[in-house]
Structure formats: structure tokens, C-alpha cells
Amino acid sequence: MNTVGTSKHVNKTGKTILVTGGSGYIGSHTVVNLLEKGFRVISLDNYDNSHKWINNRILEIAGNEAKVHFHDVDICEKQKLRKIFEKYPEISGIIHFAAHKAVGESVENPLKYYDNNLNGLISILQMAAKFQVPNFIFSSSCTVYGNVDKLPVTESTPLQTAESPYGATKVMGERIVTDFVHATPIAKAVLLRYFNPAGAHSSALIGELPQNKPANLVPVITAVASGKMDCLTVFGTDYDTRDGSCVRDYIHVSDLAEAHTLAMQALLNGKLNRVEVFNLGIGQGATVLEAIKAFEKVSGKKLNYALGQRRKGDVVAIYADYQKAQKVLGWSPIFNMEDIMRTAWEWEKQLDNDNYFTSGRQ
Ligand code: WQD
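Just so it is clear, the structure is predicted and the values come from calculations on it, not from any experiment.

Points about the overall build of the protein chain
On a plain count of helices and strands, the protein chain comes out with 11 helices and 13 strands. The C-alpha radius of gyration computed for the protein chain amounts to 19 Å, which stays within 12% of the reference 21 Å derived for 362 residues, consistent with globular compactness. Taken along the three principal axes of its C-alpha coordinates, the protein chain extends 55 × 45 × 40 Å. Counting every position in the protein chain, which comprises 362 residues, the buried fraction comes to 59%. Taking contacts inside the protein chain between residues at least 6 apart in sequence as the whole, the part at least 24 apart equals 82%. The averaged location of the 37 negative side-chain charges in the protein chain is 5 Å from the averaged location of its 39 positive side-chain charges.

The following block contains the structure:
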């Protein structure tokens, strides 16, 4: 398996990038990638859905304490946020991950999602304008496409009505960023639409660590395999797909991290239009049952799962056309489903040993 990060695109200028949600799942992998490419990083997190000990793991992987500064900051607290921009006037780009992201929870508690995800975004954009930070990357999602009738989806596939308040915050977030850029002469932005992020860093030192019981497929698979959960329920096997279960485009989190660094480098080099949208998926769909088989193959373990009813809000099938990211950013995914399952399993097993009970997982 190749390791991402040892790339030719080393950033020699030592630019400083602010990462919100930098101790979270995708945030931590992106901070590692940025550090490995020679960037200096200011990482903000309120630890609402992440853990401070992840910061030590980031240093263990990417080293160089002088190049990364961690701050416990909620981006909705404007005074604290302003102090960060005053302390680091050299910030030349922002990667904005900090947001709530549980689809199911957003249905039960929509105001929590609209308040945090939209006000947090507005707060960070206001600071970008006030402190003249020109480059902005917004963490968006394939949920903006909803149920599509033509696959794979390209960036010009029309957006459907979002299936959940979470998805709605991503559709609105893209609009807010776009309007902000068009009204702010120095501003440029990239909107990255993630498909299904999964897997863990090849070191098994960082990975996906939801605060509560996992809801996404891959962490549920590894939690069941490790005995933390009893049984996985396959949500529906009567869909119009090759084996009846839903199709998704699972992309390794390290591939996702690499795309963020390449996008920031493209923004800094002035290579992009004012607002650019990119799909980040691997261009292949895998069904739930195929994902389970891939796990059983790489782990050598038989997974305990049952065939159940459909889950409300699920789209039947979605996977990406990522040619635009390939052509414009020079990005190509290098990890496959087996790499996802292998790294996710290695991460889960080390959680068993020394972090499970302190990781805040139920
Ligand atoms: C995947 C498939 C489930 C759990 C996620 C994120 C969303 C966005 C897109 C980034 C579905 C099935 C799951 C289980 C199952 N990512 N499943 N049993 O819903 O595609 O959305 O990726 O922004 O934020 O939530 O991901 O992993 O929940 O589900 O059968 O116990 O696995 O029905 O078909 P989803 P998921």
C-alpha cells in the first residue's frame, strides 16, 4: 500500500493554513498531509466530536511541533476566533471542516445543525474578510445530489432537494460561500463534495472515532467485528441494485486529505476560477454486501450481520465522476476498498487496546 503524503508537491513557501475541526476525522488526516507537504498549520477544534489526544497522534505521525499549533476554539465564539486571526496574521488559507455531520441526528435536531453549521460558516467567513484571507476550502458532501437518476454524478449534475437538514446545511453552505466570494474581491474558494469517507491512516494512529455509537457503515463493521457492537443490520436488500443493497462510493480518508492539500496549493498558485467545485470519490460504487465481503476477506473474520429493513433517507445508489479533480488538481485516489477495510480494522483493534474507554465511545 502506498503512503500518501510523500508527494512531489512539497510546499517550499511554508505558507500557514488555518484548519477548523482539525482534530476530527478528516481534519486530522488533512493536518497530517499539510504538515508532510511543508505547510504550517493552525488547528482549531471545540472537541465536540473529537479528542485532544488525537493532536499528540498528529505530532507522532508528522512531527515538527513548531509547524502546528492546536487551539480549543469554537468557531461560533467570534471573540475567541478573532483573537486567533490577530495572533496569526500570516494565515493565507482556511480549510473549514468544523460542522455537525450525523444525518440521522440532524433529522431529530435540525436547529442544532442549522445553528452550528451555518453560523459557524458565517463566523469564519466574516473573519476571512476582516483579516483578508483570500483562500477558502469548504467541506461539502455528495448528499447535495440527493437521489440521482444518472450515474456517475459530475459536478454539473443538478442538485436535488436535500434529504436531511445535514444535507440542507451543505447546499446552503455552498451558496453562502459562493455569494461571499462574489462579494469579496480578494476571495477564492473550493467546494469539495466528499462521497463516503472511510478507512484510517496507515500508521493506525488516527482514524474515525465518533463520540457515540457509530452510524456509518465502515465503523459499524469494525465495531461489530471487534465485539463492541453485536450485529450489523444491512438496511435493505430489496433495492434495484446488483445484489439489492445500496451502492456508495467509499473513498479512503488519506486520499481525501491529499485532495485538500492539492486544492489549497491550486488556490495559492492562482490556478483556479473564483469558485470551483470538485467531486471527491473514487468513481466506483460498492454495495453494502460487497463492503462486508471485502472486510471479511482482509480481516479473515466472519462478520455477524442480519438483513433488515430500508433506512429512511437513504439514496439507492451514488458514485462519483472525479475527472475534474484529476484534470484540474492532478488528484487521483490510490487506496481501494480493501485498503479501506484493512486500515479501518487496524485502527479499530488499536482502539480496543488503549483508547476505547477513554475515547468517549458508548
Ligand atoms: C452507507 C450505506 C446504509 C450502516 C455518509 C455520511 C454523509 C456523507 C455521505 C460526507 C447505506 C448502509 C449503514 C449500517 C447499513 N458524507 N448501512 N447498516 O448514509 O451514505 O452518508 O456519506 O459528507 O455525511 O453520513 O453513509 O455509512 O451511514 O451508509 O446497511 O449499520 O450503508 O443504508 O446504504 P451515508 P452510511
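Some remarks on the environment of Ala266
Relative to the helices and strands, Ala266 resides in helix H8 (residues 253–268). When the C-alpha positions of Ala266 and Val328 are compared, they lie 8.6 Å apart, and in sequence the two are 62 residues distant. Sequence-distant contacts of Ala266, that is, excluding residues within four places in its chain, are made with Lys271, Leu272 and Leu329.

Describing the nonpolar core
Val19, Ile95, Ile137, Val190, Leu280, Leu329 and Trp331 are the most contacted members of the largest nonpolar core, which has 46 residues in total. Those elements that place two or more of their residues in this core are strand S1 (16–20), helix H1 (25–36), helix H2 (53–62), strand S6 (188–194), H8, strand S11 (275–280), helix H10 (323–329) and helix H11 (337–354). Tallying contributions element by element places H8 first for this core, with 8 residues. Leaving out residues up to four positions away in the same chain, Val19 has contacts with Val31, Leu34, Val41, Ile42, Ser43, Leu44, Ile95 and Phe97. Leu217, Val218, Tyr250 and Ile292 belong to the second largest nonpolar core, which has 27 residues in total.

Conventions used here
- Residues numbered from 1 in each chain as written.
- Predicted model: local features only at pLDDT ≥ 70, side-chain atom pairs only at ≥ 80, totals over all residues.
- Heavy atoms only, no water.
- Helix = DSSP H or I, 4+ residues; strand = E, 2+ residues; numbered from the N terminus.
- Rg over C-alpha atoms; globule rule 2.2 N^0.38 Å.
- Buried < 20%, exposed > 50% of the residue type's maximum accessible area, 1.4 Å probe, protein only.
- Contact = heavy atoms within 4.5 Å.
- Lys, Arg positive; Asp, Glu negative; His and termini not counted.
- Charge placed at Lys NZ, Arg CZ, Asp CG, Glu CD.
- Core = buried A, V, L, I, M, F, W, Y, C linked by side-chain atoms within 4.5 Å.

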